[in-house]
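Chain residues, written in single-letter form:
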Amino acid sequence: RELWVSQDLSKERKRLNRKPLFIERTRGSEILFGIAPCSLALSQSRRGLFRLFLKQSSGSRRLVMSELVLQATARGVPVHHVTRRELDTLCRGRVHQGVCLEATPLSFKSLEEAEKPDLSVEESQNKQLIWLALEQIQDPMNLGAVLRSAYFLGVDRVVTSQRNSCPLTPTVSKASSGAIEVFDVYSTDDLRSFLKARAAEGWEVVGTVSSPEDVENVPVISCLEFRWNKPVIIVIGSEGDGLSLETQLLCHRMLAIPPGRALHPGIESLNVSVATGILLHSICSQKLKHGD
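Here goes a summary of the coordinates provided.

Thresholds, definitions, all that
- Residues numbered from 1 in each chain as written.
- Predicted model: local features only at pLDDT ≥ 70, side-chain atom pairs only at ≥ 80, totals over all residues.
- Heavy atoms only, no water.
- Core = buried A, V, L, I, M, F, W, Y, C linked by side-chain atoms within 4.5 Å.
- Buried < 20%, exposed > 50% of the residue type's maximum accessible area, 1.4 Å probe, protein only.
- Helix = DSSP H or I, 4+ residues; strand = E, 2+ residues; numbered from the N terminus.
- Contact = heavy atoms within 4.5 Å.
- Patch = residues over 30% accessible without salt bridge, like charges linked within 9 Å, V, L, I, M, F, W, Y side chains within 5 Å.
- Areas by Shrake-Rupley, 256 points an atom, 1.4 Å probe, with all protein chains shown as cover.
- Salt bridge = Lys/Arg side-chain N within 4 Å of Asp/Glu carboxyl O.
- Pairing = 2+ DSSP bridges.
- Axes fitted to C-alpha atoms, helices over the stretch in contact; angles between N-to-C directions.

### Digging into the nonpolar core
Here comes step 1: Core analysis: the largest hydrophobic core is formed by 31 residues, its most contacted members being Leu132 and Val158.
Here comes step 2: Contributions of two or more residues to this core are made by strand S6 (130-134), helix H6 (140-153), strand S11 (232-236) and helix H10 (272-291).
Here comes step 3: Beyond its immediate stretch of four places on either side in the chain, Leu132 contacts Val146, Ala150, Val155, Arg157, Val158, Val159, Ile234, Ile236, Thr276 and Leu280.
Here comes step 4: Ranked by size, the runner-up nonpolar core spans 19 residues in total, among them Tyr186, Trp203, Val209 and Val218.

Structure (structure tokens):
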């Protein structure tokens with residue numbers, strides 16, 4: 001019996017010490033991770049797809065993995081069953097839920113590729129347009145969460161500044177729960193000119209601020225008081241500094257989220273993705289009411 005236990009422990013030790021299989025990546029590829037990003041990437045035609053990597057699963061997740069295999073087979077994507085350690089290595093220890101997908105990266109779309117909305121038609125149909133502009137959002141988790149909220153709440157288009165902004169990485173896809181796999185994100189190298197052009201076409205440009213006292217020469221109102229009846233662009237600033245002064249001065253109004261209590265110094269503001277979700281819900285809910 002002691003010999004059997006000793007042999008069993010020896011096998012387990014060898015298994016744990018076994019080096020994971022080295023998987024050579026296809027040149028120009030990246031590794032998506034997580035069930036939602038991989039499933040949505042497989043179902044769309046936005047990326048080039050190379051290989052799907054799965055960990056053997058049981059229970060309810062086994063059905064999910066079977067569906068992923070069917071999706072991959074339908075797209076002609078080879079499926080490889082690997083260990084958890086090999087998946088950990090592939091996605092550098094991130095939370096992969098037992099699945100990774102090797103694919104080409106997603107890029108921002110240029111505004112030249114975007115169809116310009118016919119405002120007369122939109123207005124005649126009593127529809128409201130809401131766009132979201134992002135100035136220098138650098139954290140991939142924040143960007144992903146912002147894009148997930150924008151997609152869920154019905155934002156028509158998202159435009160981000162090229163300079164000092166996070167690209168559409170696998171981490172962004174995971175944080176967006178795969179929203180970027182189905183939702184176009186545009187980019188511009190001159191956000192201020194973009195805002196000026198939209199304002200000249202009759203759009204309302206609305207900025208956001210955490211502390212109203214930080215804003216000069218632009219009216220600040222609570223997001224609860226904001227009403228709109230024409231196309232609007234909501235502009236969100238960077239995690240640390242908020243909107244630049246130059247961008248603030250292009251805004252017709254600034255919105256603030258009123259706190260629910262007196263706040264201690266140092267925690268007077270919200271995470272940018274949380275604040276964006278609150279603002280968009282407040283504004284997009286009006287769009288839904290008008291649609292009714």
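### Points about a nonpolar patch on the surface
Here comes step 1: Nonpolar side chains collect at one region of the surface, where Leu270, Val274 and Ile278 lie side by side and expose about 230 Å² of accessible area between them.
Here comes step 2: With respect to the secondary-structure elements, Ile278 resides in helix H10.
Here comes step 3: On the basis of relative accessibility, which here comes to 36%, the residue Ile278 falls in the partly exposed class.

### Points about the sheet that holds strand S1 (residues 30-33)
Here comes step 1: Taking strand neighbours across the sheet as the criterion, the four strands line up as S1-S4-S2-S3 in an open arrangement whose pairing is mixed. Only two strands of the sheet have a single partner each, and these edge strands are S1 and strand S3 (79-82). When strand polarity is set aside, the average angle formed by the axes of neighbouring strands in this sheet is 25°.
Here comes step 2: Pairing between strand S2 (residues 49-55) and S3: four bridges, direction parallel.

### What about the sheet that holds S6?
Here comes step 1: Across the sheet, eight strands lie side by side as S5-S8-S7-S6-S11-S9-S12-S10; this open sheet has parallel pairing. Taken across any chain shown, the strands that pair with only one partner, and hence form the sheet edges, are strand S5 (109-110) and strand S10 (220-222).
Here comes step 2: Pairing analysis gives four bridges linking S6 to strand S7 (residues 157-161), with the strands arranged parallel. Residue Ala133 lies in a different strand from S7, and its bridge partner there is Val159.
Here comes step 3: Against the sheet, H6 touches S6, S7 and strand S8 (185-188), its axis set at about 175° to S6.
Here comes step 4: Together, S6, S7, S8, strand S9 (204-208) and S11 form the strand contacts of helix H8 (residues 191-200), whose direction differs from that of S6 by roughly 160°.

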